[in-house]
Amino acid sequence: MTATQRCADLVVIGAGIAGLTAALSAAERGLDVVVLNKGSRWDPDAARSATPHAEHSTSTFYAQGGIAVVDPSVPDDSVGLHLTDTLAAGAGLADPVATEPILTDGWPAVAQLVRRGADFDSARGRFLRTREGGHSVRRIIHAGGDATGARVQAALGAAVGRSPVTVIDESWASDVLTDDGEVVGVAYVHDGVRGVAWAPTVLIATGGVGHVYAATTNPAGATGDGIALALRAGAAVADLEFVQFHPTMLYVPGARGRRTLVSEAVRGEGGRLVDAAGRSVTAGVHRLGDLAPRDVVARAVRAAMERTGADSVYLDITGVDDFEDRFPTVTAGVRASGLDVSGGRLPVVPGAHYLCGGIVTDIDGRTGVTGLLAAGETARTGLHGANRLASNSLLEGLVMGRQAAAQAVERAGRSVAEVEVPGLGVAQALDRTVLQDAMSGRVALDRDAQGLAEVARLLADAPERARRDLRASEDAALALTAKAIVTAAQTRQESRGCHARTDFPDKSAIGVSRSFALVGDELVTVAERPVSQEAGVSARS
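Just so we're clear, the structure is a prediction, and the values are computed from it rather than from any experiment.

(A) Structural detail: the side chain of N387. Its place among the elements puts N387 in the loop between β23 (379-380) and α13 (392-411). For N387, a relative accessible area of 1% gives the class buried. Side chain to side chain, N387 and D295 meet in a polar contact 2.7 Å long. Contacts of N387, omitting those with residues within four sequence positions, involve A89, G90, Q244, P293, R294, D295, C356, G497 and C498.

(B) Layout of the environment of A277. By the element assignment, A277 lies in the loop between β18 (272-274) and α10 (294-308). Through-space distance from the C-alpha of A277 to that of V313 is 9.8 Å; in sequence the pair is 36 residues apart.

(C) Here's a closer look at empty space enclosed by the protein. One pass over the full model with this rule turns up two cavities of 30 Å³ or more. If you add up the space inside the largest cavity, you get close to 40 Å³. The set of elements that each furnish at least two residues to the lining of the largest cavity consists of β16 (243-250) and α10. In terms of residue count, α10 provides more of the lining of the largest cavity than any other element does, four residues in total. If you add up the space inside the second largest cavity, you get close to 30 Å³. Lining the second largest cavity are V209, G210, Y213, N218, V243, A352, H353, Y354, L355 and E377. Ranked by residue count, the leading element in the lining of the second largest cavity is strand β20 (residues 345-355), at four residues. Each residue belonging to the lining of the second largest cavity can be placed in one class, and the counts come to six nonpolar, three polar and one charged.

(D) View of the pattern of salt bridges. Inspection of the entire model under this criterion finds 30 salt bridges. Of the charged contacts in the structure, one is a salt bridge between R299 and D295, with a shortest N-O distance of 3.8 Å. You can see R299 and its partner D295 sitting in helix α10, four residues apart, about one turn around the helix. Residue R432 is joined to D475 by a salt bridge in which the shortest nitrogen-to-oxygen separation is 2.8 Å. Here R432 is found in helix α14 (residues 432-442), whereas its partner D475 is found in helix α16 (residues 470-491), with 43 residues between them in sequence. By relative accessible area, which is 10% here, R432 ends up buried. Under the relative-accessibility criterion, D475 is labelled buried at 11%. The structure contains a network of salt bridges with shared partners spanning K38, D225, R432, E474 and D475.

(E) The pairing of strand β12 (residues 193-198), seen in detail. When strand β1 (residues 4-7) meets β12, the two strands line up parallel, connected through four bridges. By the bridge assignment for β12, T4 is matched with G195. Looking at chain direction, strand β11 (residues 182-190) and β12 are connected through six bridges and run antiparallel. Paired with V186 across the two strands is A197, which belongs to β12.

(F) Representation of the nonpolar core. Y213 and M439 are the most contacted members of the largest nonpolar core, which totals 60 residues. Of the residues forming this core, the biggest block, ten residues, is contributed by α16. Not counting chain neighbours up to four residues away, the residues in contact with M439 comprise V212, Y213, A444, V455, A482, I485 and V486. In this structure, L156, L373, V399 and M400 belong to the second largest nonpolar core, which totals 48 residues.

(G) Geometry of unusual backbone geometry. The backbone of E170 sits at a positive phi, close to 50°, despite the residue not being glycine. If you trace the backbone, E170 turns up in the loop between β9 (166-169) and β10 (171-179). Non-glycine residue D322 carries a positive phi angle of around 50°. One can find D322 in the loop between β19 (313-316) and α11 (323-326). With relative accessibility at 59%, the residue D322 sits in the exposed group.

(H) Highlighting the sheet that holds β23. The strand order β23-β21-β15-β26-β27 describes an open sheet built from five strands, whose pairing is mixed. Only two strands of the sheet have a single neighbouring strand rather than two, namely β23 and β27 (522-530). Sheet topology note: the strand β21 (residues 358-360)/β23 ladder contains two bridges and is parallel. In the strand pairing of β23, V360 is matched with R380. Of the strands in this sheet, β26 (512-519) and β27 touch α16, which is tilted by about 140° from β26.

(I) Structural context of the sheet that holds β1. Ordered by their spatial adjacency, four strands build an open sheet running β1-β12-β11-β10, and the pairing between neighbours is mixed. Both edges of this open sheet fall to β1 and β10, since each of them pairs with a single strand only. With direction set aside, neighbouring strand axes in the sheet form an average angle of 20°. In the sheet, β10 pairs with β11 via eight bridges, with the strands oriented antiparallel. When the sheet's bridge partners are listed, S171 is paired in β11 with H190.

What counts, and at which threshold
- Residues numbered from 1 in each chain as written.
- Predicted model: local features only at pLDDT ≥ 70, side-chain atom pairs only at ≥ 80, totals over all residues.
- Heavy atoms only, no water.
- Helix = DSSP H or I, 4+ residues; strand = E, 2+ residues; numbered from the N terminus.
- Buried < 20%, exposed > 50% of the residue type's maximum accessible area, 1.4 Å probe, protein only.
- Polar contact = N/O pair within 3.5 Å; in protein donor to acceptor, adjacent residues only side chain to side chain.
- Contact = heavy atoms within 4.5 Å.
- 1 Å grid on protein atoms, 1.4 Å probe; cavity = no way out; pocket = protein on both sides within 12 Å on 5 of 7 lines; lining within 4 Å.
- Points joined across faces, edges and corners; volume = space filled by probe spheres on them.
- Nonpolar A, V, L, I, M, F, W, Y, C, P; charged D, E, K, R; others polar.
- Salt bridge = Lys/Arg side-chain N within 4 Å of Asp/Glu carboxyl O.
- Pairing = 2+ DSSP bridges.
- Core = buried A, V, L, I, M, F, W, Y, C linked by side-chain atoms within 4.5 Å.
- Axes fitted to C-alpha atoms, helices over the stretch in contact; angles between N-to-C directions.

As structure tokens, this is what we get:
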């Protein structure tokens, strides 16, 4: 018997932009909402400072660039142009039928965020805008210079604090509970005590998978929890092979874990990628140069490192006006790493940054399991395709958080069966350093059949370990997520977007999205779907 039981209309797993937007939107419509936050109760004042030293639990907090959104009153931009840029970055796998409604809903979602307390940088009554890689115009709004995520997290957190939403901090979800293929709640652990939140709707909004790799821009909690929870509950995942490596993660010799991100907006404001001799890293590579899509720039950085034998390239910031004022978060992160901005060059390397695929959902956030929703980085809506367009992530979290709340409203009041709660049990897991080094060495920017097979065998032979605490549960989630990434990468015998196979360097004529599900202990392909690039708004069902 569990020690703690409660009932709700909606349980949200995760406390970033997608999860808190959903929680607030549902609570405002009268629903009883419970949020399971793996992190500790955070201090709004600390969140506003964007202090790089402290570890915060959500990727939202660390988002620097901003939110890519079309203001209908701006004459040089449109949803159609944003769609064109998004499809181009997605390398033939971004789904326009899903993408166009998300982009269209962006402006109302931002307006609601402002009403909830977010304060974006502005002048003369208009939001200031910057440009990032893959965007044809300046459309990214930002807050506190490069502290957008921290400011958004602070605004949403404060709004939740004023709301009736119940937040259970320092808790981790062990299982999504189902009965005959339908969600009935979530089993979780808080202060070492098991609990259950019974509910007809569960939203997984747990963020990314960055700690599958040795160095990442993600917070420590980005361990693939949502992917593992969804697979074990019977949902499908897709496009997990597309892990975006940000071209400019601060290079610190020997460092592991979360590393400082150097925002793409630095390049949008005049920063230049150069090698040690001052030569352009992206010259002749792409018509957009340093502002090409991230997969292109990341590979150009890696190629420059291989050409020169250097451990990094450099981001020349001498052309950026008032760098320290415009980018206070980057400046603080650089100094916290023992480096300095005064020399005008920052050493950077590609780093694991964003999962473009995830739990398969429709444009309302619904998965294949009735009552189970997913939103944010852990979800695969079809917006990102094979490579995410910069700053589309916070936009997606806002829009899909609102959509998830609407689905929860429709399901509110349904009775749920109180099923037997499983024990924590055992699951395959590896020593975290061993797993990260294998994935970083063989399943990062470049892959081939031999390397993928080696990591697949390593994961297949992983011992079973008890999921007795958070660390053990995360290690199990990392192992299952890595297995899914490797399986997807083995299946995709082409190079596209974030996924490069040195043994299959060409891109197939038609982009195909593949979905996988867990059958017993094996991941099997359950769907293969060609993705048309023909635009058109799809009505929400």
